[in-house]
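# Chains, contacts and geometry: an overview
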Amino acid sequence: MTDTLTITARQRFFGTAVDPDTGALPEDRVLVSWFGCASFAIAMGGTVFLLDAWVPRGVTSGYVPTTPDEVAALAPTAIFIGHGHFDHAADAGPITQASGATLHGTPSHCATARKQVGGAELPCKELGSDDSAPGERYDFELAPGLEVTAVRHLHSARTPRHEGPEASAPIRPRPCLCDIRTHPPTLADGGHLARNLLAPEGGVLLYQFRFRGFTLTWHDSSGPLLDKAPAVLDILRTLPPSDVHIGAVQGYNQFTNGLRDPRSYIDALRPKVFVPNHHDNWFPLITARGEAFRSPLHAELSRMPEATRPDLRMLVDRDDYLAPGHLEFDLPPGA
């Protein structure tokens, strides 16, 4: 029997798909709920898990309408960390401890999470080592029939400006300070940010999840693979095409090479639907609202051949935080 807090939390994140008596999720659908930056709650074939573990706050408070306690109340089976910076893993330790989920990431990600809870032991599946090379791959099963592949790749980084037909226009949205005025930070949230601000990256992982013929791929950073690790793109091309690809679009190279790096991931992963992440106003001193990326994303995707161009399922803050039904997908017939 699932407790009342879990049923309530799941209903907020996943809506009417949640069984009101047991909290169970449907096995014939994939439900995706965004809670800021690159953090998502997923229900896939009835299994609930998290992608990243941070509720954005510190420069603002209450901009994302949830808390780490409510995220933990979802009772996820697992938490997958893309990389260890504060804007991805600052709540990993407390949410893992409170929920009993198994944390997945590099040894550094696990160590950072343990440090957040005073060195307490946490269940953690370590993928590779802190020195693993880009392209290293790990395969395992999360639940019966739910297969996971993790691939080591690169964090976003600025590279020299590319010219020619493959070049992408720089993107320099103006920081949006407006949300600090309407959602001023509390002392507690400011302190939480300060304590986690310098957390190490600890390596970067991309994850693909496959269940009964449906494939979802997620990464919380898009590195300059074309320039620094093209072999990783070759490895991504060996993965099954993605039904849904949730990929980071905001990054350091946007100021020089626009969305060239995110497009390289899309080219390799061959999705039917592309969902942007890490593009909202999670740090209003340097970020803008997701709306600023709508036109650049459409322009970048339009450069792809129409036959391989994914549908763009835009996410816009704050409307699409905890928006049940916005990202809901049926499993293939007969799966």
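### Observations concerning the sheet that holds strand E5 (residues 102–105)
Strand order in the open sheet formed by seven strands is E6-E5-E4-E3-E2-E1-E14, with mixed pairing between adjacent strands. A strand with exactly one partner marks an edge of an open sheet, and here the two such strands are strand E6 (124–126) and strand E14 (327–330). Each neighbouring strand pair of the sheet contributes to a mean axis angle of 20 degrees, computed without reference to strand direction. Sheet topology places strand E1 (residues 29–34) next to strand E2 (residues 40–44); five bridges connect them, and they run antiparallel. Each bridged residue has a counterpart across the sheet, and for Val 30 the counterpart in E2 is Met 44. Contacting E1, E2 and strand E3 (47–51), helix H1 (residues 4–14) runs over the sheet at an angle of about 100 degrees to E2. In this fold helix H5 (residues 107–116) packs onto E5 and E6, with an angle of close to 135 degrees to the strand it touches most, E5.

### Re the nonpolar core
Ranked by size, the top nonpolar core spans 66 residues in total, and within it Phe 14, Met 44, Phe 49, Phe 80 and Phe 209 carry the most contacts. Among the elements that line this core, the one with the most residues is E2, at five residues. Look past the residues within four positions of Phe 209 in its chain and what remains in contact with it is Met 44, Phe 49, Leu 51, Phe 80, Leu 146, Glu 147, Val 148, Phe 214, Thr 215 and Leu 216.

### Overview of helix H11 (residues 260–269)
Within H11, nine of the 10 residues are buried, which leaves it mostly tucked inside the rest of the structure. Inspection of H11 places Arg 260, Asp 261, Pro 262, Arg 263, Ser 264, Tyr 265, Ile 266, Ala 268 and Leu 269 among the buried residues, and these make up the whole buried set. Downstream of H11 by a residue or two, Arg 270 has a phi angle that is positive, lying close to 55 degrees.

### Description of the pattern of salt bridges
In total, this model carries 16 salt bridges according to the counting rule given. For Glu 166, the salt bridge is made with Arg 263, and the minimal N-O distance between the two is 3.4 Å. Taken together, the residues Glu 166 in the loop between strand E8 (146–153) and helix H6 (178–182) and Arg 263 in helix H11 connect sequence positions 97 residues apart. A salt bridge links Arg 294 to Glu 291, with the nearest nitrogen and oxygen atoms 2.8 Å apart. Judged by relative accessible area, Arg 294 falls into the partly exposed class, the value being 30%. For Glu 291, a relative accessible area of 42% translates into the label partly exposed.

### Side note on the packing of aromatic side chains
Using the criterion set out here, one finds 15 aromatic pairs in the structure. Seen in terms of ring centroids, Phe 80 and Tyr 207 are 5.1 Å apart; in terms of plane orientation they differ by 65 degrees. Their pairing is edge-to-face. Taken together, the residues span a long stretch of sequence, with Phe 80 in strand E4 (residues 78–80) and Tyr 207 in strand E9 (residues 204–211) at a distance of 127 residues. Given the relative accessible area of 0%, Phe 80 is considered buried. Directly above the aromatic system of Tyr 63 lies the positively charged group of Arg 318, at a separation of 5.7 Å from the ring centroid.

### A look at the state of the cysteines
Joining two cysteines, a disulfide is a covalent bond between their sulfur atoms. Going through the model one piece at a time under the given rule, you end up with one disulfide. A sulfur-sulfur separation of 1.7 Å characterises the disulfide bridge that pairs Cys 110 with Cys 124. On the sign convention where negative means left-handed, the S-S torsion of about -50 degrees between Cys 110 and Cys 124 marks this disulfide as left-handed. Here the residue Cys 110 occupies a position in helix H5, and Cys 124 occupies one in strand E6, the gap between them amounting to 14 residues.

### As for a nonpolar patch on the surface
Residues Leu 177, Leu 285 and Ile 286 make up a contiguous nonpolar surface patch of about 290 Å² in total accessible area. Relative to the helices and strands, Leu 177 resides in the loop between E8 and H6. You can call Leu 177 partly exposed: its relative accessible area is 42%.

### Description of helix H9 (residues 230–237)
Buried within H9 we find Val 232, Leu 233 and Leu 236. Projection of H9 onto a plane perpendicular to its axis shows the buried side chains occupying an angular sector of 105 degrees, all on one side.

### A few points about the sheet that holds strand E12 (residues 273–277)
Each strand in a sheet pairs with another by means of backbone hydrogen bonds, the pair being arranged parallel or else antiparallel. An order of E7-E8-E9-E10-E11-E12-E13 is seen for the seven strands of this open sheet, with the pairing classed as mixed. At either margin of the open sheet sits one strand with a lone partner, and together these are strand E7 (137–143) and strand E13 (311–312). Sheet topology places strand E11 (residues 244–248) next to E12; five bridges connect them, and they run parallel. Looking at E12, one finds that His 245 is bridged to Phe 274. H9 contacts E8 and E9 of the sheet and is inclined by roughly 170 degrees relative to E8.

### Overview of the pairing of E5
Regular strands show a simple pattern: their side chains alternate between the two faces of the sheet. Of the pairings in the sheet, the one linking E4 to E5 comprises three bridges and is parallel in character. For Ala 78, the partnering residue across the bridge sits in E5 and is Thr 102. Direction of pairing for E5 relative to E6: parallel, over a ladder of three bridges. Across the sheet, His 104 pairs through a bridge with Lys 125, a residue of E6. What joins E5 to E6 is H5, and the crossover it makes is right-handed.

Criteria and thresholds
Residue indices begin from 1 for each chain and proceed along its sequence in written order. Per-residue local features of the predicted model are confined to residues with pLDDT of at least 70, and side-chain atom pairs are confined, for both listing and counting, to 80 or more; whole-chain, interface and lining totals are unaffected and use all residues. Side-chain numbers here rest on the full set of heavy atoms in the structure, without hydrogens or water. Between any two strands, at least two bridges found by DSSP are needed for them to pair. Where helices and strands are cited, they refer to DSSP runs of H or I of at least four residues and of E of at least two residues respectively, numbered from the N terminus. All axes are obtained by fitting lines to C-alpha atoms, using only the stretch in contact for helices, and the reported angles, taken between N-to-C directions, cover 0 to 180 degrees. Contacts between residues were defined by any pair of non-hydrogen atoms, one from each residue, lying within 4.5 Å. In plain words, nonpolar cores are sets of buried Ala, Val, Leu, Ile, Met, Phe, Trp, Tyr and Cys residues tied together by side-chain atoms within 4.5 Å. Relative accessible area decides the class of each residue, using a 1.4 Å probe on protein chains only: under 20% of the type maximum gives buried, over 50% gives exposed, and in between gives partly exposed. Basic side-chain nitrogens of Lys or Arg form a salt bridge, by our definition, when they fall within 4 Å of a carboxyl oxygen of Asp or Glu. Pairing of aromatic rings covers Phe, Tyr and Trp, the last counted by its six-membered ring, and requires centre-to-centre distances within 6.5 Å; plane angles under 30 degrees mean stacked, over 60 mean edge-to-face, and any other angle means tilted. Consider the ring centre and the ring normal. A charge sits over the ring if Lys NZ or Arg CZ is within 6 Å of that centre and within 35 degrees of that normal. The disulfide criterion is simple: two cysteine sulfur atoms within 2.5 Å. Patch membership requires more than 30% relative accessible area and the absence of a salt bridge. Residues of like charge join within 9 Å; the nonpolar side chains Val, Leu, Ile, Met, Phe, Trp and Tyr join within 5 Å. Calculation of accessible area relied on Shrake-Rupley with a 1.4 Å probe; when residues are assessed, cover is drawn exclusively from the protein chains displayed. Directions are taken from the helix axis to each C-beta atom, and the arc is the one they span. When the strands point away from the viewer and the connection leading from the first strand across the helix to the second strand turns clockwise, the crossover is called right-handed.

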